[in-house]
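Each chain, letter by letter, is given below.
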Amino acid sequence: MTPEKLADAGLRLAQDGPVVTITLDRPEVRNAQTPAMWRALAEVGAGLGDEVRVVVLRGAGQSFSAGLDRSMLDPSGGAGGAETVASLLALSDEEMSETIDAYQRGFTFLRDPRFVSVAAVQGYAIGAGLQLALSCDLRIATTDAQLCMKEAALGLVPDLTGTKPLVEAVGYARALEICATARMVGADEAVAIGLVQAAVPAGRLDEAVAELVTALTAPMPGAVRETKALLQGAADRNLDEQRRLEREAQTRRFREVAALARQ
């Protein structure tokens, strides 16, 4: 995507060697999200090359993302004919499901085993903002961060792929309580329940993310990719299946390491 098209969708993209940084760039509305942003994120994800080892997702300004841009719920339509969430109501059930599926692709690419995704969460991560952070493999938050699954307060459900990673992170009962009450979760609690991996002062967020990126890119790329793929589905597999996949992955690793040693 061109920088201009990204900017129109409220995004910035930068690549430094094997590290790609995606920035939600609508600080004037706390990086509120739109269908155009979700479609652009999906396009960015589809365009990532095999050389990418880490994707960092962050928000411009003081917040990660305050969630859905409320203007997207206006039945009168978006400015300049922009696609809105309210326009879903004019679709059939099948068409609505297909459209939401397209939106979800702006989140699912972050689970690609070719790279590790890291969310740098500062300020608010609300609704779609929390779901975007949950789409990442790892999350570092600032100590003043506030996280919330807001959808129930609007009479809706989280539909941007956030329910599965939330349950995986905090367990069913805590996930239900967080979603059903739509309450705020502070950074300290988020660390304690496993919703984020660490909380640091706002002034240290960039440093903490950089340290994590350095650690993630230190091992051989194949080792990290194979490990992520093994861990992603481990909870859904029985032991024999997981053991088989471990053996197969290790065989590939031994072959590659040996080949490199001969060079």
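Look above for the structure.
**Some details on the overall build of the protein**
Here is step 1 of the chain: Assigned secondary structure in the protein consists of 10 helices and nine strands.
Here is step 2 of the chain: Radius of gyration (C-alpha) of the protein: 19 Å, near the 18 Å computed for a compact globule of 263 residues.
Here is step 3 of the chain: Its C-alpha atoms give the protein principal-axis dimensions of about 65 × 45 × 45 Å.
Here is step 4 of the chain: Sequence-distant contacts, at least 24 apart, represent 69% of the contacts inside the protein between residues at least 6 apart.
Here is step 5 of the chain: In the protein, the 27 positive side-chain charges and the 35 negative ones have mean positions that sit 6 Å from each other.

**Here's the deal with the sheet that holds strand S5 (residues 124-126)**
Here is step 1 of the chain: Read from one edge of the open sheet, three strands run S5-S7-S8, paired in mixed fashion. Only two strands of the sheet have a single partner each, and these edge strands are S5 and strand S8 (185-186).
Here is step 2 of the chain: Bridge count for S5 against strand S7 (residues 146-148) is three bridges, and the pairing is parallel. Paired with tyrosine 124 across the strands is glutamine 146, a residue of S7.
Here is step 3 of the chain: In the packing of helix H4 (residues 128-135) onto the sheet, contacts are made with S5 and S7, and the angle to S5 comes to roughly 95°.

**Structural notes on the pairing of strand S2 (residues 19-24)**
Here is step 1 of the chain: Within S2, five of the six residues are buried, which leaves it mostly tucked inside the rest of the structure.
Here is step 2 of the chain: Here six bridges tie strand S1 (residues 11-16) to S2, and the two strands are oriented antiparallel to one another. Across the sheet, residue alanine 14 finds its bridge partner in S2, namely threonine 21.
Here is step 3 of the chain: Counted between consecutive antiparallel strands, the loop separating S1 from S2 contains two residues, among which glycine 17 sits at a positive phi close to 60°.
Here is step 4 of the chain: Note: S2 against strand S3 (residues 54-59), six bridges, orientation parallel. Its bridge partner being in S3, threonine 23 is matched across the sheet by arginine 58.
Here is step 5 of the chain: As for the winding sense of the linkage, the β-α-β connection from S2 through helix H2 (residues 35-46) to S3 is right-handed.

**Looking at the pattern of salt bridges**
Here is step 1 of the chain: Applying the stated criterion across every chain, the model contains 21 salt bridges.
Here is step 2 of the chain: Residue arginine 183 is joined to glutamate 177 by a salt bridge in which the shortest nitrogen-to-oxygen separation is 2.4 Å.
Here is step 3 of the chain: The exposure class assigned to arginine 183 is partly exposed, which follows from its relative accessible area of 23%.
Here is step 4 of the chain: Judged by relative accessible area, glutamate 177 falls into the partly exposed class, the value being 25%.
Here is step 5 of the chain: A salt bridge links glutamate 256 to arginine 253, with the shortest nitrogen-to-oxygen separation between them at 2.5 Å. Note that glutamate 256 and arginine 253 are positioned in helix H10 (residues 239-262) at a spacing of three residues, about one turn of the helix.
Here is step 6 of the chain: A relative accessible area of 9% means that arginine 253 is categorised as buried.
Here is step 7 of the chain: The network of salt bridges with common partners includes Arg174, Glu177, Arg183 and Glu189.

**So, the environment of leucine 68**
Here is step 1 of the chain: Along the polypeptide, leucine 68 turns up in the loop between S3 and helix H3 (93-108).
Here is step 2 of the chain: Remark: the alpha-carbon pair of leucine 68 and glycine 127, spanning 59 residues in sequence, is separated by 7.0 Å.
Here is step 3 of the chain: Among residues more than four places away in sequence, those in contact with leucine 68 are Ala32, Gln33, Trp38, Leu73, Val85 and Ala128.

**With respect to the state of the cysteines**
Here is step 1 of the chain: Under the criterion given, the structure shown has zero disulfides.
Here is step 2 of the chain: Residue cysteine 148 stays outside any disulfide, its sulfur separated by 9.2 Å from that of cysteine 179, the closest cysteine.
Here is step 3 of the chain: Look at cysteine 148 and you get buried, because its relative accessible area is 0%.

**Re the packing of helix H5 (residues 163-170) against helix H6 (residues 172-181)**
Here is step 1 of the chain: Taken N-terminus to C-terminus, the directions of H5 and H6 make an angle of 125°; their axes are 7 Å apart at the nearest point. The angle between H5 and H6 falls in the class oblique. Crossing handedness for the pair H5 and H6: right-handed. Of H6, the residues touching H5 (which contributes Leu166, Val167 and Val170) are Tyr172, Arg174, Ala175 and Cys179.

**Overview of the nonpolar core**
One broad rule of soluble globular proteins: the nonpolar side chains tend to lie buried together.
Here is step 1 of the chain: Counting residues in hydrophobic clusters, the biggest one holds 50 residues, and the most contacted among them are Ile22 and Leu195.
Here is step 2 of the chain: Not counting the four nearest positions on each side in its chain, leucine 195 is found in contact with Leu134, Arg139, Leu147, Leu166, Ala169, Val170, Val185 and Ala190.
Here is step 3 of the chain: Membership of the second largest hydrophobic core comes to 13 residues, among which are Val116, Val118, Ala120 and Val209.

The rules behind these values
- Residues numbered from 1 in each chain as written.
- Predicted model: local features only at pLDDT ≥ 70, side-chain atom pairs only at ≥ 80, totals over all residues.
- Heavy atoms only, no water.
- Helix = DSSP H or I, 4+ residues; strand = E, 2+ residues; numbered from the N terminus.
- Rg over C-alpha atoms; globule rule 2.2 N^0.38 Å.
- Contact = heavy atoms within 4.5 Å.
- Lys, Arg positive; Asp, Glu negative; His and termini not counted.
- Charge placed at Lys NZ, Arg CZ, Asp CG, Glu CD.
- Pairing = 2+ DSSP bridges.
- Axes fitted to C-alpha atoms, helices over the stretch in contact; angles between N-to-C directions.
- Buried < 20%, exposed > 50% of the residue type's maximum accessible area, 1.4 Å probe, protein only.
- Right-handed = clockwise from strand over helix to strand, strands pointing away.
- Salt bridge = Lys/Arg side-chain N within 4 Å of Asp/Glu carboxyl O.
- Disulfide = S-S within 2.5 Å.
- Parallel < 35°, antiparallel > 145°, perpendicular 65-115°, else oblique.
- Left-handed = near helix turned anticlockwise from the far one by under 90°.
- Core = buried A, V, L, I, M, F, W, Y, C linked by side-chain atoms within 4.5 Å.

As far as function goes, none of this settles anything; it's purely spatial.
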